[in-house]
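# Remarks on the overall topology
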Amino acid sequence: AMAYIPSAMKGGMVPVAACLLVMVLGSMGSVCCDSIFDKSRGPFQQRGYQLVVDVSSPVTAKQWSCLRGQLEVYQVIVRAWRSLGTMDANANATIAAAHAAGIDKVDVYMFPCIKCLQFEQQVDGMLLGLETSKYDRVWLDVEVSGGARGVGAK
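About the cut-offs
Residues numbered from 1 in each chain as written. Predicted model: local features only at pLDDT ≥ 70, side-chain atom pairs only at ≥ 80, totals over all residues. Heavy atoms only, no water. Pairing = 2+ DSSP bridges. Helix = DSSP H or I, 4+ residues; strand = E, 2+ residues; numbered from the N terminus. Axes fitted to C-alpha atoms, helices over the stretch in contact; angles between N-to-C directions. Contact = heavy atoms within 4.5 Å. Buried < 20%, exposed > 50% of the residue type's maximum accessible area, 1.4 Å probe, protein only. Arc of directions from axis to C-beta. Right-handed = clockwise from strand over helix to strand, strands pointing away. Salt bridge = Lys/Arg side-chain N within 4 Å of Asp/Glu carboxyl O. Disulfide = S-S within 2.5 Å.

### Some details on the sheet that holds strand S6 (residues 138-140)
Spatially, the four strands line up as an open sheet ordered S3-S4-S5-S6, and their pairing is parallel. The sheet is open, and its two edges are formed by strand S3 (52-55) and S6, each paired on a single side. Taking each pair of neighbouring strands and ignoring which way they run, the sheet shows an average axis angle of 30°. Bridge analysis of S3 against strand S4 (residues 75-81) gives four bridges, and the strand direction is parallel.

### Quick word on the environment of Asp136
Structurally, the position occupied by Asp136 is in the loop between helix H4 (119-129) and S6. Excluding its chain neighbours within four sequence positions, the residues that come into contact with Asp136 are Asp104, Lys105, Val106 and Asp107.

### Focus: helix H3 (residues 91-100)
Those residues of H3 not exposed but buried are Ala91, Thr94, Ile95, Ala97 and Ala98. Seen along its axis, H3 keeps its buried residues to an arc of 160°; they face one direction. Summarising the geometry of H3, the exposed residues directed more than 90 degrees from the buried face are Ala93 and Ala100. Each element contacted by the buried residues of H3 is listed here: S3, helix H2 (61-71), S4 and strand S5 (105-110).

### Here we look at the pairing of S4
For S4, the buried fraction is high: seven of the seven residues fall into the buried class. At this point the chain moves from S3, through H2, to the parallel S4, and the crossover so formed is right-handed. Summarising the sheet, S4 and S5 pair through six bridges and their orientation is parallel. By the bridge assignment, Arg79 is partnered in S5 with Tyr109.

### A closer look at the pattern of salt bridges
Going through the model one piece at a time under the given rule, you end up with two salt bridges. Between Arg79 and Asp88 there is a salt bridge, with the nearest N and O atoms lying 2.7 Å from each other. As far as burial versus exposure is concerned, Arg79 and Asp88 are alike and both buried. Two residues, Arg137 and Asp107, come together in a salt bridge whose shortest N-O distance is 3.4 Å.

### Overview of the pairing of S5
Within S5, five of the six residues are buried, which leaves the element mostly enclosed by the surrounding structure. For the crossover that starts at S4, traverses H3 and ends in the parallel S5, the hand is right-handed. When S5 meets S6, the two strands line up parallel, connected through three bridges. Across the sheet, the residue bridging to Tyr109 is Trp139, located in S6. A crossover connection joins S5 to the parallel S6 through H4; in handedness this β-α-β unit is right-handed.

### Digging into the state of the cysteines
In total, this model carries one disulfide according to the counting rule given. One disulfide in the model links Cys113 with Cys116; its S-S distance is 2.0 Å. Because the sign of the S-S torsion sets the handedness, a value of about 65° for the bond joining Cys113 and Cys116 places this disulfide among the right-handed ones. Given the relative accessible area of 1%, Cys113 is considered buried.

### Digging into H2
Every buried residue of H2 is listed here: Gln63, Trp64, Cys66, Leu67 and Leu71. Mapping the buried residues of H2 onto a view down its axis gives an arc of 155°, with all of them on the same face. Positive backbone phi, approximately 60°, marks Glu72, located one or two places after H2.

Spelled out as structure tokens, the structure:
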């Protein structure tokens, strides 16, 4: 799932993940989302949108606070299970950081590996790995793609 938002850059639309990418790959220092997004159109809620962000990289409380404050993100979906058939080692810290930033609606997603383990084993592994985290829902990201590891092309 990818949400798009208005951008001052090139007058088009930019995926929300670009903001995370800028923050994660940049030092984050004093840079925040408002430097790359056009805010002249008003907050998303005033336009009838609710912005939900899914992440597969570690995100700190400072980064979540930026997204919450600048883009009004109030729900996030954190990757908890990787397509390689393993727990995402960053999931618990990213979930805790979202809560620390005041984001109450935190879900997780599972990207199961079709060829690695039985599905039940993967679910059990994810739930065990998330024992200390507070989350609402579990989403499944099932893709049939030659690009995803562990997944056949058809």
